[in-house]
Amino acid sequence: AYTYVEKQVGFGPRVPETEPHTACGDWLVLKLKSFGADITEQLGTVQLYDGRNIPMRNIVASFHPDKKNRILLCAHWDTRPFADQDRSRRNEPIDGANDGASGTAVLLEIARVMDTLKPPVGIDIILFDVEDHGQPDNDSAAPMQDTYCLGSQYWGEHPHKVNYSAKYGILLDMVGAKGATFSMEGVSMQFAPRQMRKIWDTASQLGYGRHFMYQQTHPITDDHYYINTLTGIPTIDIIEYYGATRSNFGPYWHTHADNMSVIDRKTLKAVGQTVIQVIYNET
Ligand code: AHN
Ligand code: ZN
């Protein structure tokens, strides 16, 4: 998973409408195909907070599409085009090693494992685009709603398959930072409390209790919010979030410090191993 973070960061910031974004998207598709996935690319247009319409590319990788019993795993693969939480170079895009690349990398590694050992359920991996192009905190305009998560909003309104359904979903967001802890975030607890407990209990059993805290925190408007409200698939978010205030994420969040130096293999492993255990425990 660490090498998959490195590879994505190596393309440069994966900002929509840029060459690194296209190149990384092509690589993700190629890689997932090599692990035996059926790929559906969802191309659309979304409107940003500044009114501009831009192209969007969601990547759906399905394993054992014949199986009725399915689990949805997702992350965003785009990177934020600015560093609005930083003190310098605020208008430059970030590496997004943790915010974007980490969740995508863990899902790639899970896909690689599934190529070797067939899971007992069908799996759909969705890599959402244009998650992190939300209105910056220093914007002169009044704060607006629903400016993040444009790829997942698009998918929720136009699922890649008619009547698509899954038992539940797991979103990975900022799952690679050294010493990260994951709280029981409010939207996840509202829509999928049972799945939440099952996943946290599995992490504890595997010895990853230091990363998975049983403390409940405020709701966050992340991709899982739109999956829950638009499709009804109970979906949880494994996210490094410390509650209290809206922006209480890791100190690297939306700054240039979100680069390879914050990534720790141990955190990636704790999350990946937990999700793999949950999947293979399914019947
Ligand atoms: C907000 O910051 C409004 N929501 C969290 C979604 C997000 C941004 N996840 C990563 N970057
Ligand atoms: Zn972000």
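In what follows, the structure referred to is the one given above.
What you see is a predicted model; the values in this text were computed from it and never measured. (Residues numbered from 1 in each chain as written. Chains lettered and ligands numbered in written order. Predicted model: local features only at pLDDT ≥ 70, side-chain atom pairs only at ≥ 80, totals over all residues. Heavy atoms only, no water.)

Enquirer: Could you clarify how one ought to interpret the side chain of His211 in this entry?
Expert: Its location among the elements puts His211 in the loop between α6 (193-205) and β7 (212-217). Dropping the residues within four chain positions of it, His211 is found in contact with Ala180, Thr181, Phe182, Lys266, Thr267 and Ala270. (Helix = DSSP H or I, 4+ residues; strand = E, 2+ residues; numbered from the N terminus. Contact = heavy atoms within 4.5 Å.)

Enquirer: Sorry if this is basic, but what is going on with the packing of helix α1 (residues 2-10) against helix α3 (residues 97-116) here?
Expert: Two numbers describe a pair of packed helices, the interaxial angle and the distance between the axes. At a closest axis distance of 8 Å, the pairing of α1 and α3 adopts a crossing angle of 130°. Compared by their axis directions, α1 and α3 come out oblique. Between α1 and α3 lies a crossing whose hand is right-handed. Of the residues in α3, those touching α1 at Tyr4, Val5, Gln8 and Val9 are Ala97, Gly100, Ala101, Ser102, Thr104, Ala105, Leu108, Glu109 and Arg112. A per-class count over the contact of α1 with α3 returns seven nonpolar, four polar and two charged. (Axes fitted to C-alpha atoms, helices over the stretch in contact; angles between N-to-C directions. Parallel < 35°, antiparallel > 145°, perpendicular 65-115°, else oblique. Left-handed = near helix turned anticlockwise from the far one by under 90°. Nonpolar A, V, L, I, M, F, W, Y, C, P; charged D, E, K, R; others polar.)

Enquirer: I keep staring at the coordination of the zinc ion (ligand 2) and nothing clicks. Help me out?
Expert: Perfect tetrahedral coordination of a metal by four donors corresponds to 109.5 degrees between them, and perfect octahedral coordination by six donors corresponds to 90 or 180 degrees. Surrounding the zinc ion (ligand 2) are the protein donor atoms Asp99 (OD), Asp132 (OD), Asp132 (OD) and His254 (NE2), which sit 1.9 to 2.4 Å from the metal. Mapped onto the sequence, the donors of the zinc ion (ligand 2) take the spacing D-x32-D-x121-H. Within this pair, whereas Asp132 is found in the loop between β4 (122-128) and α4 (150-157), its partner His254 is found in the loop between β8 (235-239) and α8 (265-280), the two being separated by 122 residues in sequence. Both residues of the pair, Asp132 and His254, belong to the buried class. (Donors = N, O, S within 2.8 Å, 3.2 Å for Na, K, Ca; no water. Buried < 20%, exposed > 50% of the residue type's maximum accessible area, 1.4 Å probe, protein only.)

Enquirer: Is there a simple way to explain the packing of aromatic side chains in this structure?
Expert: Scanning all chains against the criterion turns up 10 aromatic pairs. Considering the side-chain rings of Phe182 and Phe212, the 5.3 Å spacing of their centres and the 55° angle between planes classify their relative orientation as tilted. Of this pair, Phe182 sits in strand β6 (residues 182-185) while Phe212 sits in strand β7, and the two are 30 residues apart along the sequence. Given the relative accessible area of 0%, Phe182 is considered buried. The class for Phe212 is buried, based on a relative accessible area of 1%. Taking 5.0 Å as the distance between ring centres and 85° as the angle between the ring planes, the aromatic pair formed by Trp200 and Phe212 counts as edge-to-face. With a gap of 12 residues between them, Trp200 in helix α6 and Phe212 in strand β7 connect regions that are remote in the sequence. Grouping aromatic residues by their ring pairs yields a cluster made of Tyr4, Phe11 and Trp27. Looking at Arg265, its charged tip hangs above the ring of Tyr2, at a distance of 3.8 Å from the centre. (Phe/Tyr/Trp six-rings, centres within 6.5 Å; stacked < 30°, edge-to-face > 60°. Lys NZ or Arg CZ within 6 Å of the ring centre and 35° of its normal.)

Enquirer: Quick question: what am I supposed to make of the environment of His133 here?
Expert: Position of His133 among the secondary structure elements: in the loop between β4 and α4. Separated by 10 residues in sequence, His133 and Ile123 have C-alpha atoms that sit 27 Å apart. Once residues within four sequence positions are removed from consideration, His133 is found in contact with Pro16, Leu48, Tyr49, Ile54, Asp78, Arg80, Pro81, Phe82 and Thr147.

Enquirer: How should I be thinking about α4 in this particular structure?
Expert: Of all the eight residues making up α4, seven are buried; the element is thus mostly covered by neighbouring parts of the structure. Within α4, the full set of buried residues consists of Leu150, Gly151, Ser152, Gln153, Tyr154, Trp155 and Gly156. Looking at the buried side of α4, the elements it contacts are β1 (38-47), β2 (53-63), β3 (70-76), β4 and α7 (223-231).

Enquirer: Would you mind going over the pattern of salt bridges with me for this structure?
Expert: Side-chain pairs of opposite charge can arise where the charged atoms are in close proximity. Tallied over the full model, the rule gives 11 salt bridges. One salt bridge in this structure joins Arg70 and Asp124, with 2.7 Å as the shortest N-O distance. With a gap of 54 residues between them, Arg70 in strand β3 and Asp124 in strand β4 connect regions that are remote in the sequence. The buried category is assigned to Asp124, whose relative accessible area is 2%. Ionic pairing is found between Arg80 and Asp132, a salt bridge with its closest N-O pair at 3.9 Å. Here Asp132 lies in the loop between β4 and α4 and Arg80 lies in the loop between β3 and α3, a separation of 52 residues in the sequence. Each of the two residues, Arg80 as well as Asp132, counts as buried. (Salt bridge = Lys/Arg side-chain N within 4 Å of Asp/Glu carboxyl O.)

Enquirer: Would you explain the site of ligand 1 in this entry?
Expert: Of all residues adjacent to ligand 1, which total 12 residues, the nearest are Asp99, Glu131, Asp132, Asp173 and His254. A distance of 3.1 Å separates a nitrogen atom of ligand 1 from a polar side-chain atom of Glu131. Between ligand 1 and His254, the relevant distance is 3.4 Å, taken from a nitrogen atom to a side-chain nitrogen or oxygen of the residue. Of the residues contributing to the shell around ligand 1, the split by class is four nonpolar, two polar and six charged. (Near = heavy atom within 4 Å. Polar contact = N/O pair within 3.5 Å; in protein donor to acceptor, adjacent residues only side chain to side chain.)

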